[in-house]
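# Inside the fold
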Amino acid sequence: MLASDFDSHSLASNQASITSVNSLASLLREKMQAFPQLIRKKKRETKDYKIKIFVIIMFFIIIFLIGYAYVAYHQQVLTKSYFQKIKFNSHDRIFRILSHEDKEVISGQLGTTLGFDTAPFHCLEDHRRNDGSVCIEWNGIARLHLNFEDKGVFRCYTLQWQALTPGLLPTDCYELKRDNGMWFGGGVTKGQEWSLSYANFDFAPYASGDSKIHQFGNGVKRYFINSIGVAMQVSERTPLQLGVNRTENRFCLRAANDEFTFVNHLTPLPQLDYRICTTEDMRSLHMLMTQQSLWDGLKEQEFKVLHSLLEEPVWRIPHAETADSLNESTICDYSESAIAMGLGHIVINEFWQENIGDFTVDKARFPTLKDTIDVLHRRGFKVVLTIQPFISTDSANFKDAVRRKLLIYERHSERSIPALTRYKSSSSAGVLDITNNASVPWLLEKLQRLKEEYGVQSFYLDLGTGYNLPHYYQCRQTLDNPDTYARLFTASLEGAGLMAVSTASVVPKPPTFLSTPPANATWEGLRETLGAVLNYGVIGYPFVLPGVIGGDYLLQRPLSKMVSFYSMAQPPLPDPELFIRWLQLATFMPAMQFSHLPSEYRSDLVTRVAQELKEVRQTVVIALLKKYLSPSMNEGLPLVRPLWMMDPHDPACLIVSDEFSVGEELIVAPILHAGREEREVYLPQGVWKDGIDGSLRKGSRWMHGYRVPKDKIAYFRKMPDNTRF
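How each quantity is defined
Residues numbered from 1 in each chain as written. Predicted model: local features only at pLDDT ≥ 70, side-chain atom pairs only at ≥ 80, totals over all residues. Heavy atoms only, no water. Helix = DSSP H or I, 4+ residues; strand = E, 2+ residues; numbered from the N terminus. Buried < 20%, exposed > 50% of the residue type's maximum accessible area, 1.4 Å probe, protein only. Contact = heavy atoms within 4.5 Å. Areas by Shrake-Rupley, 256 points an atom, 1.4 Å probe, with all protein chains shown as cover. pLDDT = per-residue confidence, 0-100. Disulfide = S-S within 2.5 Å. Axes fitted to C-alpha atoms, helices over the stretch in contact; angles between N-to-C directions. Parallel < 35°, antiparallel > 145°, perpendicular 65-115°, else oblique. Nonpolar A, V, L, I, M, F, W, Y, C, P; charged D, E, K, R; others polar. Right-handed = clockwise from strand over helix to strand, strands pointing away. Pairing = 2+ DSSP bridges. Core = buried A, V, L, I, M, F, W, Y, C linked by side-chain atoms within 4.5 Å. Expected span 1.5 Å × (residues − 1). Bend = angle between axes of the 7 residues up to and from the residue. Polar contact = N/O pair within 3.5 Å; in protein donor to acceptor, adjacent residues only side chain to side chain.

Bringing the overall build of the chain into the picture now. On a plain count of helices and strands, the chain comes out with 13 helices and 37 strands. Put simply, the chain has 725 residues, and 53% of those count as buried. Pairs at least 24 residues apart make up 68% of the contacts formed inside the chain by residues separated by at least 6 positions. On the chain, roughly 32,400 Å² of surface is accessible, and the fraction owed to carbon and sulfur atoms is 53%.

Shown next as structure tokens:
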């Protein structure tokens, strides 16, 4: 039984094992057969995934291309060509000017204050002009006129915005920096920047002022030039506000009236009017924009005076804060000491009067002034008296001027109420109204009497700046702006003989020079003097009179008011090193002006340096100043120039702010910091002869660590191009 049972059980077990093996084999075979299908399915799923990604990417690309094509199409449709070289999109107001080679030279956005809600359209017939201009209007908001003038190699474009709604301030902004191009102009700015491209300030009225307090200095001109061959000139009738934003890379012009500078509304609503000129050569463009013949009406005697200012120093009589410090003995003693340095023009400040505005000599302090002036004439000096448009309330002339209604009066008042201001030693003064036809003859009569009675040759016209006018000023005739007052006053006294003026907005008729702002007797003041001479030359003033050597005043604290608010005495004797470096710089300026004399130092070093520099000026500098006098008179080019005027295509010349040239034949690299006896020097293209050691130097390169001892100044004379080393 046991054996039989075992056999039965063994058979069942074998059959079950065979069945299990067969089942496993069958399952394995099914899996093996399904494996290729699984692989194909996996591949198909992967392929589907990639296709989906590809489709999504293509979808976004198509959307992008459609959007780009839409924008580009509308840009192309909206951007129109005007006068061949202007590209202007009237929708977003992007404005571009192309060169002769169709290269973009300037780009900006016009009408930045308009907004984008209103579509522009061409002006109605009544608003169009018959001068070939294009007129575009934003309905009820603003109107723009574009015009073109072909000057051969120069192309000039006129833009004029007219606001049509109160509160709108027409504003155009242009790129501040482009293709290494830099903007110059504006004269002296508050930050003393070499180029406007380095400046950064909010909108400010473009008017003469004290650059220590206001945004711009005492010499202004509405002219700006870019090194890539673009220049702008803004109309005098535009209430111009200027703003520079380095962060946004924008240089902006705005028309906006205010409560002082542009209080007189010359148009019912602000109007921005200017022109842009382009060419390939920056120097030629500068000549075009500043060109004016200064020869017109120039008399032979005036030309001799101009030569004398180039050849001989200006001697400013030392003074204290009060009039008592000035008398005949002071003048005689000073002239005796000055003879050792040369003859020239002796300038007597306003203290020759008892009160400012007397226009008569103070007999108490100058009982024999006529004899004193005769002595000065025999010594070879020319005498210059300082005059001002201000009349102190303590002067007898003040009552006379009030009675005759010759003074500027208070706005919104009867013309019998004079407007008062403060200027230097006069704490309360009226101002002559130059627009009153009776004022000029009244003043000229008094000046002529001084010339006849005392033998005075000329006058220094100390006008202050636009901000020295009474705040609520009103003239008989409406002024465009305060600088118009200085322009009219200067023009009215040209026949009386003006040696120099303290402020200007147009180039005064030669031989009148424009003075630089008063300089503090510090190293910073020295640097500011060079910057002022160069920047005024850039905006078209060829004849600039730097302040006195060593500084005009000394203040160790920052100013809270204009310099002209104070009656400042001559500064104490400057540090010898500062005086020497200042004297070295002044030797190469258009004119030299002394107050402190080298002999005051009782130093062999100072005396020797002064004599050596006198020889350099007489043998080298004066000859060059005379040589380039005619180009300055004909073309408006300055006698003393920044390096970029020699080679505007040299990038290094654009950034060098502490070197300059006299004409085109002399490079000067002064020391402008205390304790330094070496500096970096860049020489433009050419061959140059070193003024210190006489060696020849190759141009278009930097000289690093160039040694300049305390008693020397680095200068280089240009040699013929075929000069060999």
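Here the chain shows a mean pLDDT of 87. Residues at 70 or above account for 90%. Confidence drops under a pLDDT of 50 for residues 1-21, and excluding neighbours within four residues, the segment shows zero contacts in the predicted structure. In this model residues 70-79 is a low-confidence stretch, pLDDT under 50, and it forms ten contacts with partners more than four residues away in sequence or in other chains.

This model, assessed by the stated rule, comprises three disulfides. Two residues, Cys156 and Cys277, share a disulfide whose sulfurs are 2.0 Å apart. Disulfide Cys156 to Cys277: torsion about the S-S bond roughly 110°, handedness right-handed. Residue Cys156 is found in strand S8 (residues 154-163), and its partner Cys277 is found in strand S16 (residues 271-278); the two are separated by 121 residues along the sequence. Exposure remark for Cys156: the relative accessible area of 2% places this residue in the buried category. According to the relative accessible area criterion, Cys277 is buried, its value standing at 0%. Between the sulfur of Cys173 and that of Cys252 lies a disulfide, 2.0 Å long from S to S. Taking the sign of the S-S torsion, 110° for the link of Cys173 and Cys252, the bridge is right-handed. Taken together, the positions of Cys173 in strand S9 (residues 171-175) and Cys252 in strand S15 (residues 250-255) put the pair 79 residues apart, joining distant regions of the chain.

Put simply, helix H9 (residues 523-538) and helix H10 (residues 576-586) touch, their axes get as near as 10 Å, and they point 5° apart. Between H9 and H10, the interaxial angle falls into the category roughly parallel. Facing Trp523, Gly525, Leu526, Thr529 and Leu530 of H9, the residues of H10 in contact are Glu577, Leu578, Arg581, Trp582 and Leu585. Looking at the contact of H9 with H10, its residues break down into six nonpolar, two polar and two charged.

Another point: the pairing of strand S18 (residues 345-348). Neither face of S18 is open: one carries His345 and Val347, the other Ile346 and Ile348, and all of them are buried. Crossover handedness for the path strand S17 (residues 314-316) to helix H4 (residues 328-338) to S18: right-handed. In the sheet, S18 pairs with strand S19 (residues 382-387) via four bridges, with the strands oriented parallel. Residue pairing for S19: Ile346 is matched across the bridge by Val383. With respect to chirality, the unit in which S18 leads through helix H5 (residues 369-379) into the neighbouring parallel S19 is right-handed.

What follows deals with the side chain of Ser661. Here Ser661 lies in strand S31 (residues 660-662). With sequence-adjacent residues up to four places away left out, Ser661 is seen in contact with Leu639, Val640, Arg641, Pro642, Leu643, Met646, Leu666 and Ile667.

Glancing now at the nonpolar core. Core analysis: the largest hydrophobic core is formed by 158 residues, its most contacted members being Phe588, Trp644 and Phe660. Among all residues touching Trp644, those that are not within four sequence positions of it are Phe184, Trp194, Ile225, Met282, Val538, Cys653 and Leu654. Counting 43 residues, the second largest nonpolar core, distinct from the first, contains Val134, Trp161, Ala199 and Leu240.

This paragraph deals with helix H11 (residues 604-627). Given a rise of 1.5 Å per residue, 24 residues ought to cover 34 Å, and the 34 Å separating the end C-alpha atoms of H11 matches this to within 8%. Its axis deflected by about 40° at Arg617, H11 carries its strongest bend there. In the core, the buried residues of H11 are packed alongside helix H3 (300-311), H10, helix H12 (629-635), S31, strand S32 (666-669) and strand S37 (714-719). Here H11 starts with a cap whose side-chain oxygen sits 3.3 Å from the backbone nitrogen of Leu605, and that cap is Ser603.

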